[in-house]
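Architecture at a glance
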2 protein chains.
Amino acid sequence: MGGGPDKEHLLIVLWEPEPKHITAEIKQRFPYIEITYVQLSVSSNPWGGDMTKGVPTAAERKRIASRMVPVELWKTATILITLGSLPAKAEDAPNLKLIHLFSAGVDHYANHPIFTDSDITITTSSGIHGPPISEWIIMATLVASKHYNLLYEGQKAHQWKHDRPLLMGVTDWVGKTVGIAGYGSIGRQAARVFHAMGAHVHAYTAGSRSTAESRKDRGYIVPGTGDPDGTVPRAWYSGTTKASLHTFLASGLDALIIALPLTPATRHLFSTEEFAILGTSNPPADQPNKKSKSAFLINIARGGLIDQPALVKALNDDVLVGAALDVADPEPLPEDDPLWSAKNTILTPHVSALGKEYGDRAYDLFITNWERRERGEKMFNVVDRKRGY
Amino acid sequence: MGGGPDKEHLLIVLWEPEPKHITAEIKQRFPYIEITYVQLSVSSNPWGGDMTKGVPTAAERKRIASRMVPVELWKTATILITLGSLPAKAEDAPNLKLIHLFSAGVDHYANHPIFTDSDITITTSSGIHGPPISEWIIMATLVASKHYNLLYEGQKAHQWKHDRPLLMGVTDWVGKTVGIAGYGSIGRQAARVFHAMGAHVHAYTAGSRSTAESRKDRGYIVPGTGDPDGTVPRAWYSGTTKASLHTFLASGLDALIIALPLTPATRHLFSTEEFAILGTSNPPADQPNKKSKSAFLINIARGGLIDQPALVKALNDDVLVGAALDVADPEPLPEDDPLWSAKNTILTPHVSALGKEYGDRAYDLFITNWERRERGEKMFNVVDRKRGY
């Protein structure tokens, strides 16, 4: 090896077949990396079969992975790329220095020994979800505001007629205000599109963003998307207290997008009181005549961020004008859960991030990070175990 | 009146009740304008009753209007604001100098005596449709690309499971190319939003737009929307020949938005040959590896722009990947028309422009125009009878 880098052993454990064009690219860029690809079997893949069984729990993932990944591989791996298959404990993978997760969140692993008892660097794929999830957000919001479901039923019945008074009453998003709680890659790309539609954006972040520098996106960005300089929002709100959240929620929002990580501090952050504030939304100081009296709620992050029974009540009581949800609590949502048919609610089964580009971008993020590591730069999306994401 | 402007008599003939806040504003801005508001009766309004009867033809409109507008009003009116109620002939309204239409197109009136035998200035409401129609375009395109209809059926059945392989195969719009035939207010606002979503835009216009100056929007724009300077498109194509259209269609489009006026020259402009070109879409010179082999077609303009049986065949034969249509030929579309259930087709009954803001914006355009006229400036959207729009 001369003065070159150490040999590395990259272990990839995923449900999909090996993407040869990508593993070839990794080998070409980093000749000192040896790759072992383990495809988890379709029969053990809860997603390949009956989805009513839902997404596997961390415990199920661990069991499947420990059954399918030979002990020797865990022992020699120095890098791991996976959706959720981790070694049972740090000692099983003594050489592991980096785990790159294909998921954006790490909340499923909060109690896993690798998370609690090791200091192996963990990076997430946060940042690659901006385009598909923001497209889901825009789609679901417009489906609701333009009453698409009724139009679809009309098409199925071959009926040209429609409810003209209802449709004459719809509004578009020009001049409306969209609040975004959690101004990361998803929030920023949704902001970019809503802004193009003519809407104003209010951003809510944990830390203060009072300077231009602090408003920049420091994460991984899919090129040509997002709000890299943080110039889209008309107003910024910040804090980690209920009071700060309520100030943001009372800023005259026509829609609220929840794009926060789920941590013990954010669990059930949105409940009766928050929905009431959204529902009576004081007009902002510069728009005293703003008539919005209710807001549309969008959650693409985690079901646990919301007190779900309180949400169902707020929807059925018209406190909120409607909701678009790609996540629920629990998942899969039982067939008899009242959320399924809450008033004016669009609910989809955690699919907003899916798409052909997912894998390519998640690998690209690993490659980008490894190059940054080679140059001695800070990698993107390194999990802060204390913060929880 | 001293040296002030002449007295004017503004006759408003519409189906909706008088919007008092707007007529009051007109009186305040232009005290010399007297207003008469005629609300066409609900019983005679084909839209207030059974929509299967569809949009009234020009002949029906004429009949309804001539029955409901007293002869004296036509005689004294100097300005007319209407959706489609015109005097039967120019002699019936000898003082009329301006007709402001609430519609964007004038194709319905091409054979009306006011159009063929008078030189009364006609202005349209072209320009106000950008936001709602572009929202319909984005909604319908995303509903198709993200298989929303299946997700909606899943929600109705309370099923968390979904077709994961299908959804893993969807793509988002980052790096895709959207062609826009007719780069007016609707095309420009759709371009603005697709660009924010990460897509490239190719524009097609009748006249050449080779200079920065020629790319500017000279029409009425809803503030904060559109592409006023024409800086969004990555490529411009122009012409009025089949050859020029085909060059545009072969430029590697993943979607084509038809936003052209319907004139004798554009009727059935899109037929078998055009769909074949879209379906085999040669990759653009700078993207030789572009794999798109088919395009999604969107028509929000007029059904007559398309050879509809040819479209149904192209969809059912997978020449096109799908379509989103808010217009059909004829309207209302008969219940047994094969377009209703053409493969991968979203069809809605000419509703994309509807919304609360429609009236306010159409009146605002009249007010803006009248102010321009007072200042001796050119008005927006003056119909060129020879060109046909």
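Residues numbered from 1 in each chain as written. Chains lettered and ligands numbered in written order. Predicted model: local features only at pLDDT ≥ 70, side-chain atom pairs only at ≥ 80, totals over all residues. Heavy atoms only, no water.

Our next topic: the overall build of chain A. When helices and strands are tallied, chain A shows 12 helices and 12 strands. When burial is assessed residue by residue, chain A has 58% of its 389 residues classed as buried. Counting contacts in chain A only where the partners sit at least 6 residues apart, residues at least 24 apart contribute 69% of the total. By element, 54% of the accessible surface of chain A is carried by carbon and sulfur atoms, the whole surface being about 15,900 Å². (Helix = DSSP H or I, 4+ residues; strand = E, 2+ residues; numbered from the N terminus. Buried < 20%, exposed > 50% of the residue type's maximum accessible area, 1.4 Å probe, protein only. Contact = heavy atoms within 4.5 Å. Areas by Shrake-Rupley, 256 points an atom, 1.4 Å probe, with all protein chains shown as cover.)

Residue and element names in this part refer to chain B. Burial analysis of strand β7 (residues 200–205) places five of its six residues in the buried class, which makes it a mostly covered element. Crossover strand β6 (residues 177–181) to β7 through helix α8 (residues 185–196) is right-handed. Where β7 meets strand β8 (residues 235–238), four bridges bridge the pair, whose relative direction is parallel. Counted as the bridge partner of T205 is S238 from β8. (Right-handed = clockwise from strand over helix to strand, strands pointing away. Pairing = 2+ DSSP bridges.)

In the numbering adopted here, UniProt assigns the feature "domain: D-isomer specific 2-hydroxyacid dehydrogenase NAD-binding" (unreviewed entry) to residues 139–212 and 239–352 of chain A. Taken as a whole, residues 139–212 of chain A contains 45% helix and 15% strand, while its terminal C-alpha atoms sit 31 Å from one another. (UniProt positions renumbered as here; feature names shortened; annotations may be inferred.)

Bringing the pattern of salt bridges into the picture now. The full count for this structure, using the stated rule, is 32 salt bridges over all chains. For R188 of chain B, the salt bridge goes to D217 of chain B, with nearest N and O atoms at 3.9 Å. Of this pair, R188 of chain B sits in helix α8 while D217 of chain B sits in the loop between β7 and β8, placing them 29 residues apart in sequence. Among the salt bridges present, the one from K216 of chain B reaches E213 of chain B, with a minimum N-O distance of 3.3 Å. Look at K216 of chain B and you get partly exposed, because its relative accessible area is 35%. You can call E213 of chain B partly exposed: its relative accessible area is 47%. Each of E153 and K156 of chain A together with E153 and K156 of chain B takes part in a single network of salt bridges with overlapping partners. (Salt bridge = Lys/Arg side-chain N within 4 Å of Asp/Glu carboxyl O.)

Moving on to the packing of helix α8 (residues 185–196) of chain A against α8 of chain B. The relative placement of two packed helices comes down to the angle between their axes together with the axis-to-axis distance. Packing of α8 of chain A against α8 of chain B brings their axes to within 8 Å, and their N-to-C directions diverge by 175°. The angle between α8 of chain A and α8 of chain B places the two elements in the roughly antiparallel class. Across from Q189, R192, V193, H195 and A196 of chain A in α8 of chain A, the residues of α8 of chain B making contact are Q189, R192, V193, H195 and A196 of chain B. Across the contact of α8 of chain A with α8 of chain B, the residue classes break down as four nonpolar, four polar and two charged. (Axes fitted to C-alpha atoms, helices over the stretch in contact; angles between N-to-C directions. Parallel < 35°, antiparallel > 145°, perpendicular 65-115°, else oblique. Nonpolar A, V, L, I, M, F, W, Y, C, P; charged D, E, K, R; others polar.)

With 71 residues of chain B at the interface, the matching set in chain A holds 71 residues. Counting each side, the surface lost to burial between chain B and chain A is near 6,400 Å², with a carbon and sulfur contribution of 63%. When the buried surface of chain B facing chain A is broken down by residue, E135, H158 and W160 of chain B rank first, second and third, together holding 14% of it. Linking chain B with chain A are six salt bridges. Salt-bridge contacts for K156 of chain B lead to E153 of chain A; the nearest nitrogen and oxygen are separated by 2.6 Å. Here chain B is connected to chain A by 30 residue pairs in polar contact (both at pLDDT 80 or more). For the side of chain B that touches chain A, the secondary-structure elements that each account for two or more residues are α5 (130–145), α6 (148–156), α7 (164–168), α8, β12 (345–347) and α12 (357–374) of chain B. Its residues placed into classes, the side of chain B that touches chain A shows 34 nonpolar, 20 polar and 17 charged. (Buried area = accessible area lost by both parts, 1.4 Å probe. Polar contact = N/O pair within 3.5 Å; in protein donor to acceptor, adjacent residues only side chain to side chain.)

On to the sheet that holds strand β9 (residues 255–258) of chain A, then. All names here are of chain A. Taken in spatial order, the seven strands of this open sheet run β8-β7-β6-β9-β10-β11-β12, and their pairing is parallel. Edge positions in the open sheet fall to β8 (235–238) and β12 (345–347), since each of these has one partner strand only. Geometrically, the sheet is characterised by an average inter-axis angle of 15° between neighbouring strands, direction not taken into account. Where strand β11 (residues 322–325) and β12 come together, three bridges link them in parallel fashion. If you follow A324 over to β12, its bridge partner there is I346. Seen against the sheet, helix α9 (residues 242–249) touches β6 (177–181), β7 (200–205), β8 and β9 and runs at an angle of roughly 175° to β7.

The next point concerns the domain arrangement of chain A. Residues and elements named next belong to chain A. Under the domain assignment, chain A is made up of domain 1 (8–126 + 356–375) and domain 2 (130–347). Contacts between the two partners involve 11 residues from domain 1 and, on the opposite side, eight residues from domain 2. Buried area between domain 1 and domain 2, both sides added, is near 770 Å², and the carbon and sulfur share of it is 53%. At the surface where domain 1 touches domain 2, the tally comes to zero salt bridges. (Domains from an automatic or database assignment.)

It is worth spelling out the nonpolar core at this point. Among the nonpolar cores identified, the biggest contains 242 residues, and F270 and L297 of chain A together with F270 and L297 of chain B are the most heavily contacted of them. Setting aside its immediate chain neighbours within four residues, L297 of chain B contacts L256, I258, F275, L278, I306, L311, L320, G322, A323, A324 and L325 of chain B. (Core = buried A, V, L, I, M, F, W, Y, C linked by side-chain atoms within 4.5 Å.)

Once that is clear, we can look at the packing of α9 of chain A against helix α10 (residues 272–280) of chain A. Residues and elements named next belong to chain A. At a minimum axis distance of 9 Å, the contact between α9 and α10 shows a crossing angle of 25°. Judged by the angle between their axes, α9 and α10 are roughly parallel. Facing α9, whose interface residues are K242, L245, H246 and L249, α10 presents E273, E274, I277 and L278. When the residues that make up the contact of α9 with α10 are grouped by side-chain class, the tally is four nonpolar, one polar and three charged.

With that out of the way, let us pick up the relation of the copies chain B and chain A. Rotating chain B by 180° about the axis while translating it 0.0 Å along that axis superimposes it on chain A, leaving an RMSD of 0.0 Å. Given the turn and translation reported, the copies of this chain are related as if by a two-fold rotation axis. In terms of C-alpha distance to the rotation axis, chain B has M139 of chain B as its closest residue, with the C-alpha 2.6 Å off the axis. Interface overlap between copies: 100% of the residues of chain B at the interface are likewise at the interface in chain A, consistent with a symmetric, same-surface contact. (Least-squares fit on C-alpha atoms with pLDDT ≥ 70 in both.)

Among the residues of helix α11 (residues 308–316) of chain B, those classed as buried are Q308, A310, L311, V312, A314 and L315 of chain B. Within two residues after α11 of chain B, D318 of chain B carries a phi angle of roughly 65°, on the positive side.

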